[in-house]
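# Architecture and fold: a report
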Amino acid sequence: MNLPIPILSALIGVIVLFFGRRLFWLCVAAVGFAAGVELAPHLIHEPKPLLALTIALFLGFVGAFLAIFLQKIAVAVAGFIAGGKLAIAIGAAFFVQHANYSGITFLIGGIVGALLLLLLFDWALIFLSATVGAYMIQNTIVLPQSGSTILFIGLAAIGVIVQVASMRGSRPA
């Protein structure tokens, strides 16, 4: 019964990895979905899979609503959440005591992510959507720490390359 969340997370991750800039609203919804998957166990002790999926989908719909109707706010919120999650992931990869500073790491990463996304929208969206997509995919595959890190970096790089190529291909000559 716990199978749908990882499969759905991986599928959304693939779409966000390759099409995050073009499908901005889906990228923001995916960030909300990913936050919901991680937030559910903190809200409710050992939530049932259906409840965890419901929380994740609700936050995903909130993200999509923000992206469609309140784009600037959605850009800042998506950048904040994605930047914070990325800062936590980087901290976990490089620092042993990262858990002691997770709040401030998330806050600083979130502020940087929000500013990047607002100032350099297309480029930041490509980078953040590729990293969020890579994270969502990597998070569903059980590998040793080094393998997981290599998979994350490889997927993120491929996502950036594909999205930059599609951005250049869509501009008039």
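Thresholds, definitions, all that
- Residues numbered from 1 in each chain as written.
- Predicted model: local features only at pLDDT ≥ 70, side-chain atom pairs only at ≥ 80, totals over all residues.
- Heavy atoms only, no water.
- Helix = DSSP H or I, 4+ residues; strand = E, 2+ residues; numbered from the N terminus.
- Rg over C-alpha atoms; globule rule 2.2 N^0.38 Å.
- Buried < 20%, exposed > 50% of the residue type's maximum accessible area, 1.4 Å probe, protein only.
- Contact = heavy atoms within 4.5 Å.
- Areas by Shrake-Rupley, 256 points an atom, 1.4 Å probe, with all protein chains shown as cover.
- Axes fitted to C-alpha atoms, helices over the stretch in contact; angles between N-to-C directions.
- Left-handed = near helix turned anticlockwise from the far one by under 90°.
- Nonpolar A, V, L, I, M, F, W, Y, C, P; charged D, E, K, R; others polar.
- Polar contact = N/O pair within 3.5 Å; in protein donor to acceptor, adjacent residues only side chain to side chain.
- Phe/Tyr/Trp six-rings, centres within 6.5 Å; stacked < 30°, edge-to-face > 60°.
- Expected span 1.5 Å × (residues − 1).
- Core = buried A, V, L, I, M, F, W, Y, C linked by side-chain atoms within 4.5 Å.

## As for the overall build of the protein chain
Each helix and strand counted, the protein chain has 7 helices and 0 strands in total. Against the 2.2 N^0.38 benchmark of 16 Å for 173 residues, the protein chain shows a C-alpha radius of gyration of 16 Å, consistent with a compact globule. Oriented by its inertia axes, the alpha-carbon framework of the protein chain measures out at about 55 × 35 × 30 Å. Taking all 173 residues of the protein chain together, 39% fall into the buried category. A separation of at least 24 residues holds for 73% of the contacts in the protein chain among residues at least 6 apart in sequence. For the protein chain, the exposed surface amounts to about 10,000 Å²; the carbon and sulfur share of it is 76%.

## Some points on the packing of helix 2 (residues 24-43) against helix 3 (residues 49-69)
Running from N to C, helix 2 and helix 3 point in directions that differ by 145°, and their axes come no closer than 6 Å. The crossing of helix 2 and helix 3 is right-handed. On the side of helix 2, the interface is formed by Phe24, Trp25, Val28, Ala29, Gly32, Phe33, Ala35, Gly36, Val37, Leu39, Ala40 and Leu43, while helix 3 contributes Ala52, Leu53, Ile55, Ala56, Leu57, Leu59, Gly60, Gly63, Ala64, Ala67 and Ile68. Across the contact of helix 2 with helix 3, the residue classes tally to 19 nonpolar, 4 polar and no charged.

## Thoughts on the environment of Val132
Structurally, the position occupied by Val132 is in helix 6 (residues 121-138). Residue Val132 is classed as buried on the basis of its relative accessible area, which comes to 11%. When sequence neighbours within four positions are dropped, the list of residues in contact with Val132 reads Val31 and Ala82.

## What to know about the side chain of Thr131
Take Thr131: it is sitting in helix 6. The class for Thr131 is buried, based on a relative accessible area of 6%. Within the local environment of Thr131, its side chain forms a polar contact with the backbone oxygen of Leu128, the two atoms lying 2.9 Å apart. In this structure Thr131 touches Leu86, Phe152 and Ala156, once residues within four positions along its chain are discounted.

## Let's talk about the packing of aromatic side chains
Within a pair of aromatic rings, the relevant descriptors are the distance that separates the centres and the angle that separates the planes. Taken as a whole, this structure holds 1 aromatic pair when the rule is applied. For the ring pair Phe80 and Phe106, a centre distance of 5.6 Å and an interplane angle of 80° mean the geometry is edge-to-face. Of the two residues, Phe80 is situated in helix 4 (residues 71-94) and Phe106 in helix 5 (residues 102-119); the sequence distance between them amounts to 26 residues. Accessibility expressed as a relative area gives 27% for Phe106, which makes it partly exposed.

## A look at helix 4
Between its first and last C-alpha atoms helix 4 spans 34 Å; for 24 residues at 1.5 Å apiece the expected length is 34 Å, and the two agree. Listing the buried residues of helix 4 in full gives Ala74, Val75, Ala78, Gly79, Ala82, Gly83, Gly84, Lys85, Leu86, Ala87 and Gly91.

## Observations concerning the nonpolar core
Membership of the largest hydrophobic core comes to 27 residues, with the highest contact counts inside it found for Ile12, Phe24, Phe33, Leu117 and Met136. Of all the secondary structure elements, the ones that give two or more residues to this core are helix 1 (4-19), helix 2, helix 3, helix 4 and helix 6. Examining the composition of this core, we find that 8 residues originate from one element, helix 2, more than from any other. With 8 residues, the next largest nonpolar core counts Ala130, Ala134, Ile137 and Ala156 among its residues.

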